[in-house]
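Chain by chain, the residues:
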Amino acid sequence: MTQRILILGAGFGGMWSALSATRLLDLHDRYNVEVAVLAPQAELRIRPRFYEPDVQRMTAPLGELFAAVGVTFIQGSAERIDVANRVVGYRNGAGEPGELSYDRLILATGSQVVRPSAAGMEHAFDVDQLEEAVRLERHLHALAERPASAGRNTVVVAGGGFTGIETATEMPERLRAVLGQDAPVRVIVIDRGSEIGAALGAGPRAAIVEASQELGVEWRLNSSVSAVDASGVTLASGERIEADTVIWTVGVRASGLAGQVPGERDVYGRLHVDDNLLVLGQDSVFATGDTAYAKVDDAGNHALMSCQHAIALGRSAGNNAAASLLGVEPIPYRQPKYVTCLDLGAWGAVFTEGWDRQVKLERAEGKALKQQINSVWIYPPAADRAIALAAADPLIPVVA
(Lines give C-alpha, C1' and ligand atoms only; values in the text may rest on other atoms or scores of the structure.)
Protein backbone atom coordinates (compact mmCIF):
# COMPACT_ATOMS: atom_id res chain seq x y z
CA MET A 1 0.00 0.00 0.00
CA THR A 2 1.42 3.38 -1.03
CA GLN A 3 1.80 6.03 1.65
CA ARG A 4 2.11 9.76 1.04
CA ILE A 5 4.17 12.55 2.52
CA LEU A 6 2.33 15.69 1.42
CA ILE A 7 4.23 18.98 1.48
CA LEU A 8 2.33 22.24 1.24
CA GLY A 9 4.47 24.89 -0.41
CA ALA A 10 7.45 24.97 -2.80
CA GLY A 11 9.51 27.65 -1.10
CA PHE A 12 12.82 27.00 0.62
CA GLY A 13 11.23 24.94 3.39
CA GLY A 14 9.01 22.97 1.03
CA MET A 15 11.60 22.25 -1.65
CA TRP A 16 14.21 21.06 0.84
CA SER A 17 11.62 19.01 2.72
CA ALA A 18 10.79 17.15 -0.50
CA LEU A 19 14.42 16.45 -1.31
CA SER A 20 15.31 15.40 2.22
CA ALA A 21 12.34 13.06 2.59
CA THR A 22 13.20 11.45 -0.75
CA ARG A 23 16.83 11.11 0.33
CA LEU A 24 16.00 9.14 3.47
CA LEU A 25 13.47 6.92 1.68
CA ASP A 26 16.09 6.26 -0.98
CA LEU A 27 18.66 5.27 1.65
CA HIS A 28 16.21 2.70 3.00
CA ASP A 29 15.05 1.44 -0.41
CA ARG A 30 11.45 2.43 0.33
CA TYR A 31 9.69 3.13 -2.93
CA ASN A 32 6.09 2.71 -1.75
CA VAL A 33 6.03 6.19 -0.21
CA GLU A 34 5.05 9.07 -2.46
CA VAL A 35 6.59 12.46 -1.74
CA ALA A 36 4.21 15.08 -3.15
CA VAL A 37 4.44 18.87 -3.23
CA LEU A 38 1.29 20.98 -3.56
CA ALA A 39 2.00 24.54 -4.66
CA PRO A 40 0.71 27.15 -7.12
CA GLN A 41 3.80 26.77 -9.34
CA ALA A 42 6.77 24.43 -9.69
CA GLU A 43 9.31 27.11 -9.05
CA LEU A 44 11.35 28.44 -6.17
CA ARG A 45 10.77 32.13 -5.78
CA ILE A 46 13.99 33.72 -4.51
CA ARG A 47 12.24 35.94 -1.98
CA PRO A 48 15.42 37.25 -0.29
CA ARG A 49 16.21 39.04 -3.57
CA PHE A 50 12.90 40.80 -4.14
CA TYR A 51 14.37 44.16 -3.11
CA GLU A 52 16.70 44.04 -6.13
CA PRO A 53 15.98 45.27 -9.69
CA ASP A 54 14.97 42.87 -12.47
CA VAL A 55 12.86 40.99 -9.97
CA GLN A 56 11.07 39.03 -12.68
CA ARG A 57 14.14 36.80 -12.99
CA MET A 58 14.26 35.93 -9.27
CA THR A 59 12.80 32.47 -9.73
CA ALA A 60 14.24 29.00 -10.25
CA PRO A 61 12.26 26.22 -11.99
CA LEU A 62 11.70 23.05 -9.97
CA GLY A 63 9.98 20.78 -12.49
CA GLU A 64 13.13 19.05 -13.76
CA LEU A 65 14.54 18.77 -10.23
CA PHE A 66 11.39 17.14 -8.87
CA ALA A 67 11.26 14.78 -11.87
CA ALA A 68 14.90 13.81 -11.40
CA VAL A 69 14.39 12.73 -7.79
CA GLY A 70 10.87 11.34 -8.19
CA VAL A 71 8.89 13.99 -6.32
CA THR A 72 5.27 14.37 -7.46
CA PHE A 73 4.29 17.99 -8.13
CA ILE A 74 0.60 18.92 -7.81
CA GLN A 75 -0.33 22.38 -9.04
CA GLY A 76 -2.81 24.07 -6.76
CA SER A 77 -3.37 25.98 -3.55
CA ALA A 78 -4.26 24.43 -0.21
CA GLU A 79 -7.37 25.88 1.42
CA ARG A 80 -8.34 23.49 4.20
CA ILE A 81 -6.44 21.16 6.54
CA ASP A 82 -8.40 18.40 8.28
CA VAL A 83 -5.91 16.84 10.68
CA ALA A 84 -8.50 14.44 12.15
CA ASN A 85 -9.04 12.75 8.78
CA ARG A 86 -5.60 13.53 7.34
CA VAL A 87 -7.00 15.35 4.34
CA VAL A 88 -6.11 18.64 2.65
CA GLY A 89 -8.70 20.47 0.58
CA TYR A 90 -7.28 22.47 -2.32
CA ARG A 91 -8.02 24.09 -5.66
CA ASN A 92 -6.04 22.96 -8.66
CA GLY A 93 -4.51 25.18 -11.31
CA ALA A 94 -7.88 25.45 -13.08
CA GLY A 95 -9.62 26.54 -9.87
CA GLU A 96 -11.41 23.22 -9.38
CA PRO A 97 -11.77 21.88 -5.82
CA GLY A 98 -10.20 18.62 -4.74
CA GLU A 99 -8.87 16.69 -1.77
CA LEU A 100 -5.55 15.02 -1.03
CA SER A 101 -5.03 12.46 1.70
CA TYR A 102 -1.75 12.11 3.52
CA ASP A 103 0.08 9.92 5.98
CA ARG A 104 2.45 12.71 6.94
CA LEU A 105 1.90 16.41 6.29
CA ILE A 106 4.63 19.05 6.15
CA LEU A 107 3.35 22.60 6.41
CA ALA A 108 5.75 24.82 4.45
CA THR A 109 3.45 27.62 3.30
CA GLY A 110 5.69 30.44 4.50
CA SER A 111 4.66 33.88 5.67
CA GLN A 112 3.27 37.13 4.33
CA VAL A 113 3.41 40.80 5.15
CA VAL A 114 0.18 41.74 6.91
CA ARG A 115 -0.62 45.37 6.34
CA PRO A 116 -2.35 47.35 9.08
CA SER A 117 -5.76 48.92 8.70
CA ALA A 118 -4.30 52.40 8.23
CA ALA A 119 -6.07 54.53 5.67
CA GLY A 120 -4.86 54.24 2.09
CA MET A 121 -2.76 51.11 2.44
CA GLU A 122 -3.83 50.09 -1.07
CA HIS A 123 -1.44 52.76 -2.33
CA ALA A 124 1.58 51.11 -0.68
CA PHE A 125 3.91 48.61 -2.35
CA ASP A 126 5.93 45.81 -0.81
CA VAL A 127 8.71 43.37 -1.72
CA ASP A 128 7.22 40.38 0.11
CA GLN A 129 5.71 38.36 -2.73
CA LEU A 130 6.86 38.22 -6.34
CA GLU A 131 3.71 39.75 -7.78
CA GLU A 132 4.01 42.77 -5.48
CA ALA A 133 7.72 43.19 -6.17
CA VAL A 134 6.97 43.13 -9.91
CA ARG A 135 4.24 45.74 -9.40
CA LEU A 136 6.76 47.96 -7.60
CA GLU A 137 9.31 47.54 -10.38
CA ARG A 138 6.80 48.56 -13.04
CA HIS A 139 5.80 51.55 -10.94
CA LEU A 140 9.41 52.67 -10.58
CA HIS A 141 10.00 52.49 -14.33
CA ALA A 142 6.79 54.46 -14.94
CA LEU A 143 8.06 57.32 -12.77
CA ALA A 144 10.18 58.49 -15.70
CA GLU A 145 6.96 59.41 -17.53
CA ARG A 146 5.79 61.71 -14.73
CA PRO A 147 6.67 65.40 -14.45
CA ALA A 148 9.65 66.10 -12.24
CA SER A 149 8.59 66.81 -8.66
CA ALA A 150 9.72 66.20 -5.10
CA GLY A 151 7.09 63.48 -4.72
CA ARG A 152 8.13 61.67 -7.89
CA ASN A 153 11.73 61.59 -6.72
CA THR A 154 10.96 60.43 -3.17
CA VAL A 155 10.56 56.91 -1.81
CA VAL A 156 9.31 56.24 1.72
CA VAL A 157 10.16 52.86 3.25
CA ALA A 158 8.00 51.95 6.24
CA GLY A 159 10.06 49.79 8.59
CA GLY A 160 13.75 49.78 9.46
CA GLY A 161 14.28 46.05 9.91
CA PHE A 162 16.33 43.76 7.66
CA THR A 163 14.05 44.00 4.62
CA GLY A 164 13.47 47.72 5.09
CA ILE A 165 17.19 48.47 5.24
CA GLU A 166 18.03 46.37 2.17
CA THR A 167 15.16 47.92 0.23
CA ALA A 168 16.03 51.49 1.24
CA THR A 169 19.76 51.29 0.55
CA GLU A 170 19.17 49.75 -2.87
CA MET A 171 16.61 52.39 -3.79
CA PRO A 172 18.84 55.43 -4.59
CA GLU A 173 20.59 53.48 -7.35
CA ARG A 174 17.30 52.04 -8.64
CA LEU A 175 15.72 55.49 -8.79
CA ARG A 176 18.68 57.06 -10.58
CA ALA A 177 18.66 54.24 -13.14
CA VAL A 178 15.14 55.39 -14.04
CA LEU A 179 15.27 59.16 -13.47
CA GLY A 180 18.88 59.87 -14.42
CA GLN A 181 22.13 59.90 -12.51
CA ASP A 182 21.78 63.59 -11.62
CA ALA A 183 18.21 63.33 -10.34
CA PRO A 184 17.79 64.70 -6.79
CA VAL A 185 16.39 61.48 -5.33
CA ARG A 186 15.31 61.09 -1.73
CA VAL A 187 14.80 57.89 0.31
CA ILE A 188 13.30 58.07 3.80
CA VAL A 189 12.96 55.21 6.28
CA ILE A 190 10.14 55.49 8.83
CA ASP A 191 10.98 53.42 11.90
CA ARG A 192 9.55 53.04 15.40
CA GLY A 193 13.03 52.39 16.83
CA SER A 194 15.01 55.00 18.70
CA GLU A 195 18.25 54.23 16.82
CA ILE A 196 19.13 53.51 13.22
CA GLY A 197 19.05 49.76 12.63
CA ALA A 198 17.83 49.10 16.17
CA ALA A 199 16.13 45.86 15.10
CA LEU A 200 19.51 44.36 14.18
CA GLY A 201 21.33 45.34 17.36
CA ALA A 202 24.56 47.17 18.01
CA GLY A 203 26.88 44.98 15.90
CA PRO A 204 26.08 46.19 12.37
CA ARG A 205 24.71 49.60 13.41
CA ALA A 206 27.83 51.61 12.54
CA ALA A 207 27.86 50.12 9.04
CA ILE A 208 24.14 50.87 8.56
CA VAL A 209 24.62 54.46 9.73
CA GLU A 210 27.66 54.96 7.50
CA ALA A 211 25.93 53.45 4.46
CA SER A 212 22.79 55.53 5.06
CA GLN A 213 24.82 58.73 5.25
CA GLU A 214 26.90 57.89 2.19
CA LEU A 215 23.87 56.93 0.12
CA GLY A 216 21.70 59.79 1.36
CA VAL A 217 19.11 57.57 3.04
CA GLU A 218 17.25 59.53 5.71
CA TRP A 219 15.72 58.05 8.87
CA ARG A 220 12.68 59.22 10.83
CA LEU A 221 13.13 57.51 14.19
CA ASN A 222 10.47 57.03 16.86
CA SER A 223 7.96 57.43 14.04
CA SER A 224 5.16 55.52 12.39
CA VAL A 225 2.86 55.92 9.40
CA SER A 226 -0.75 56.76 10.20
CA ALA A 227 -2.05 57.12 6.63
CA VAL A 228 -0.99 56.58 3.03
CA ASP A 229 -2.37 58.10 -0.15
CA ALA A 230 -1.42 58.25 -3.81
CA SER A 231 1.01 61.11 -3.26
CA GLY A 232 2.60 60.42 0.11
CA VAL A 233 2.29 59.55 3.76
CA THR A 234 1.18 61.18 6.96
CA LEU A 235 3.09 60.24 10.10
CA ALA A 236 1.59 59.76 13.54
CA SER A 237 3.28 63.05 14.50
CA GLY A 238 1.26 64.82 11.82
CA GLU A 239 4.25 65.33 9.51
CA ARG A 240 3.43 65.03 5.84
CA ILE A 241 5.92 63.58 3.33
CA GLU A 242 5.24 63.88 -0.38
CA ALA A 243 6.20 60.60 -2.03
CA ASP A 244 4.85 58.85 -5.11
CA THR A 245 6.34 55.59 -3.84
CA VAL A 246 5.65 54.07 -0.41
CA ILE A 247 7.02 50.59 0.39
CA TRP A 248 5.70 48.60 3.38
CA THR A 249 8.15 46.16 5.01
CA VAL A 250 6.74 45.44 8.50
CA GLY A 251 4.17 43.09 9.99
CA VAL A 252 5.12 39.60 8.77
CA ARG A 253 2.99 36.65 9.95
CA ALA A 254 2.98 32.93 9.25
CA SER A 255 0.62 31.59 6.60
CA GLY A 256 -3.01 31.45 7.67
CA LEU A 257 -2.98 27.69 7.09
CA ALA A 258 -0.94 27.35 10.28
CA GLY A 259 -4.05 28.54 12.11
CA GLN A 260 -5.95 25.47 10.87
CA VAL A 261 -3.63 23.06 12.70
CA PRO A 262 -4.57 22.68 16.37
CA GLY A 263 -1.59 23.72 18.47
CA GLU A 264 0.17 26.53 20.29
CA ARG A 265 1.40 29.46 18.21
CA ASP A 266 3.82 32.30 18.81
CA VAL A 267 3.09 36.00 18.24
CA TYR A 268 3.82 35.58 14.51
CA GLY A 269 1.37 32.70 14.14
CA ARG A 270 4.09 30.04 13.92
CA LEU A 271 3.30 26.60 15.32
CA HIS A 272 5.30 25.33 18.29
CA VAL A 273 7.17 22.18 17.29
CA ASP A 274 9.31 19.61 19.07
CA ASP A 275 12.98 18.97 18.29
CA ASN A 276 11.97 16.88 15.27
CA LEU A 277 9.66 19.64 13.96
CA LEU A 278 6.50 17.66 14.72
CA VAL A 279 3.76 20.08 15.74
CA LEU A 280 3.17 19.76 19.48
CA GLY A 281 0.01 17.76 20.11
CA GLN A 282 -0.03 16.25 16.59
CA ASP A 283 1.14 12.83 15.44
CA SER A 284 1.38 13.36 11.68
CA VAL A 285 1.85 17.09 11.01
CA PHE A 286 5.27 18.71 10.76
CA ALA A 287 5.87 22.46 10.39
CA THR A 288 8.88 24.00 8.73
CA GLY A 289 10.21 27.29 7.41
CA ASP A 290 8.26 30.36 8.47
CA THR A 291 5.39 28.29 9.92
CA ALA A 292 7.58 26.69 12.64
CA TYR A 293 8.56 28.12 16.01
CA ALA A 294 11.62 25.92 16.46
CA LYS A 295 14.61 25.91 18.80
CA VAL A 296 17.92 26.29 17.00
CA ASP A 297 20.09 25.56 20.05
CA ASP A 298 19.94 24.94 23.80
CA ALA A 299 20.64 28.57 24.66
CA GLY A 300 17.07 29.74 24.12
CA ASN A 301 17.37 30.95 20.51
CA HIS A 302 14.70 30.16 17.94
CA ALA A 303 14.67 30.11 14.15
CA LEU A 304 13.92 33.38 12.43
CA MET A 305 11.71 33.89 9.41
CA SER A 306 14.69 33.74 7.09
CA CYS A 307 15.99 31.79 4.12
CA GLN A 308 18.96 30.70 6.23
CA HIS A 309 16.73 28.93 8.73
CA ALA A 310 14.13 27.73 6.21
CA ILE A 311 16.71 25.69 4.27
CA ALA A 312 17.86 23.76 7.33
CA LEU A 313 14.33 23.48 8.72
CA GLY A 314 13.22 21.98 5.42
CA ARG A 315 15.98 19.41 5.39
CA SER A 316 15.09 18.40 8.95
CA ALA A 317 11.31 18.31 8.44
CA GLY A 318 11.54 16.13 5.33
CA ASN A 319 14.00 13.75 6.92
CA ASN A 320 11.98 13.39 10.10
CA ALA A 321 8.62 12.98 8.37
CA ALA A 322 10.12 10.14 6.36
CA ALA A 323 11.82 8.71 9.46
CA SER A 324 8.47 8.53 11.25
CA LEU A 325 7.06 6.39 8.42
CA LEU A 326 10.16 4.23 8.23
CA GLY A 327 10.34 3.68 11.96
CA VAL A 328 13.93 4.90 12.15
CA GLU A 329 15.51 7.47 14.46
CA PRO A 330 14.89 11.10 13.48
CA ILE A 331 17.65 13.72 13.47
CA PRO A 332 16.71 16.55 15.86
CA TYR A 333 16.78 20.00 14.27
CA ARG A 334 19.64 22.14 15.51
CA GLN A 335 21.22 25.13 13.79
CA PRO A 336 23.57 26.74 16.32
CA LYS A 337 25.56 28.79 13.81
CA TYR A 338 23.81 32.05 13.00
CA VAL A 339 25.07 34.65 10.54
CA THR A 340 23.63 37.66 8.75
CA CYS A 341 24.69 39.31 5.53
CA LEU A 342 22.93 42.63 5.11
CA ASP A 343 22.99 44.27 1.68
CA LEU A 344 23.62 48.01 1.89
CA GLY A 345 23.28 48.96 -1.75
CA ALA A 346 26.17 50.73 -3.48
CA TRP A 347 28.00 51.04 -0.13
CA GLY A 348 28.51 47.26 0.00
CA ALA A 349 27.27 44.83 2.64
CA VAL A 350 27.97 43.85 6.23
CA PHE A 351 28.47 40.23 7.29
CA THR A 352 28.10 39.26 10.94
CA GLU A 353 28.39 36.10 13.01
CA GLY A 354 26.54 35.06 16.14
CA TRP A 355 23.27 36.15 17.70
CA ASP A 356 25.04 39.29 18.92
CA ARG A 357 25.97 39.99 15.27
CA GLN A 358 29.71 40.54 15.47
CA VAL A 359 30.91 42.22 12.28
CA LYS A 360 33.35 40.13 10.22
CA LEU A 361 33.20 41.66 6.73
CA GLU A 362 32.17 45.08 5.40
CA ARG A 363 31.82 47.03 2.19
CA ALA A 364 33.25 45.27 -0.93
CA GLU A 365 34.20 42.08 0.93
CA GLY A 366 30.74 41.85 2.46
CA LYS A 367 29.14 42.60 -0.92
CA ALA A 368 31.08 39.83 -2.65
CA LEU A 369 29.82 37.34 -0.07
CA LYS A 370 26.26 38.66 -0.33
CA GLN A 371 26.31 38.24 -4.11
CA GLN A 372 27.62 34.70 -3.72
CA ILE A 373 24.82 33.89 -1.29
CA ASN A 374 22.12 35.52 -3.40
CA SER A 375 23.20 34.15 -6.77
CA VAL A 376 24.51 30.67 -5.89
CA TRP A 377 24.09 29.34 -2.38
CA ILE A 378 20.35 29.76 -1.95
CA TYR A 379 19.41 28.37 -5.38
CA PRO A 380 18.22 24.77 -5.86
CA PRO A 381 20.74 22.03 -6.55
CA ALA A 382 21.22 20.62 -10.06
CA ALA A 383 18.47 18.41 -11.47
CA ASP A 384 20.60 15.35 -10.90
CA ARG A 385 19.32 12.71 -8.49
CA ALA A 386 22.62 11.95 -6.75
CA ILE A 387 23.67 15.60 -6.44
CA ALA A 388 20.25 16.81 -5.25
CA LEU A 389 19.76 14.10 -2.64
CA ALA A 390 23.27 14.53 -1.28
CA ALA A 391 22.61 18.25 -0.87
CA ALA A 392 19.48 17.48 1.20
CA ASP A 393 21.38 15.85 4.09
CA PRO A 394 20.01 17.51 7.27
CA LEU A 395 23.48 17.47 8.83
CA ILE A 396 24.91 19.84 6.20
CA PRO A 397 25.49 23.29 7.77
CA VAL A 398 23.74 26.26 6.17
CA VAL A 399 25.24 29.72 5.72
CA ALA A 400 22.92 32.05 3.81
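Our subject is the structure that appears above.
Being a predicted model, the structure only gives us computed values, none of them experimental. (Residues numbered from 1 in each chain as written. Predicted model: local features only at pLDDT ≥ 70, side-chain atom pairs only at ≥ 80, totals over all residues. Heavy atoms only, no water.)

Participant: Would you mind going over the nonpolar core with me for this structure?
Facilitator: The tendency in soluble globular proteins is for nonpolar side chains to be buried side by side. Counting 112 residues, the largest nonpolar core has Ile5, Leu6, Ile81, Leu175 and Leu344 as the members making the most contacts within it. Per-element tally for this core: the top contributor is helix α6 (residues 307–326), with 11 residues. One finds Ala124, Ile190, Val225 and Ile241 within the second-largest nonpolar core, a separate group that totals 16 residues. (Core = buried A, V, L, I, M, F, W, Y, C linked by side-chain atoms within 4.5 Å. Buried < 20%, exposed > 50% of the residue type's maximum accessible area, 1.4 Å probe, protein only. Helix = DSSP H or I, 4+ residues; strand = E, 2+ residues; numbered from the N terminus.)

Participant: Can you walk me through the sheet that holds strand β23 (residues 358–361) in this structure?
Facilitator: What holds strands together in a sheet is hydrogen bonding between their backbones, with the strands either parallel or antiparallel. Taken together, three strands build an open sheet; the order of strands is β21-β22-β23 and the sheet is antiparallel. Strand pairing shows two members of the sheet lacking a second neighbour, β21 (339–343) and β23, which therefore form its edges. Shown here is a sheet whose adjacent strand axes are inclined to one another by a mean of 30°, direction ignored. Strand direction decides the pairing type here: β21 and strand β22 (residues 349–353), joined by five bridges, are antiparallel. Following the sheet pairing, Thr340 is matched in β22 by Thr352. Helix-sheet contacts for helix α7 (residues 363–377) involve β21, β22 and β23, and the interaxial angle to β21 is about 105°. (Pairing = 2+ DSSP bridges. Axes fitted to C-alpha atoms, helices over the stretch in contact; angles between N-to-C directions. Contact = heavy atoms within 4.5 Å.)

Participant: Looking at this structure, I do not really get the pattern of salt bridges. What am I missing?
Facilitator: Applying the stated criterion across every chain, the model contains 32 salt bridges. Where Arg23 meets Asp393, a salt bridge forms, and the shortest distance between an N and an O atom there is 3.5 Å. Within this pair, whereas Arg23 is found in helix α1 (residues 12–27), its partner Asp393 is found in the segment after α8 (385–391), the two being separated by 370 residues in sequence. Asp244 is the salt-bridge partner of Arg146, the closest N and O atoms lying 3.0 Å from each other. Taken together, the residues Arg146 in the loop between α3 (130–142) and β10 (154–158) and Asp244 in the loop between β15 (240–242) and β16 (245–248) connect sequence positions 98 residues apart. (Salt bridge = Lys/Arg side-chain N within 4 Å of Asp/Glu carboxyl O.)

Read these as spatial facts, not as claims about activity.
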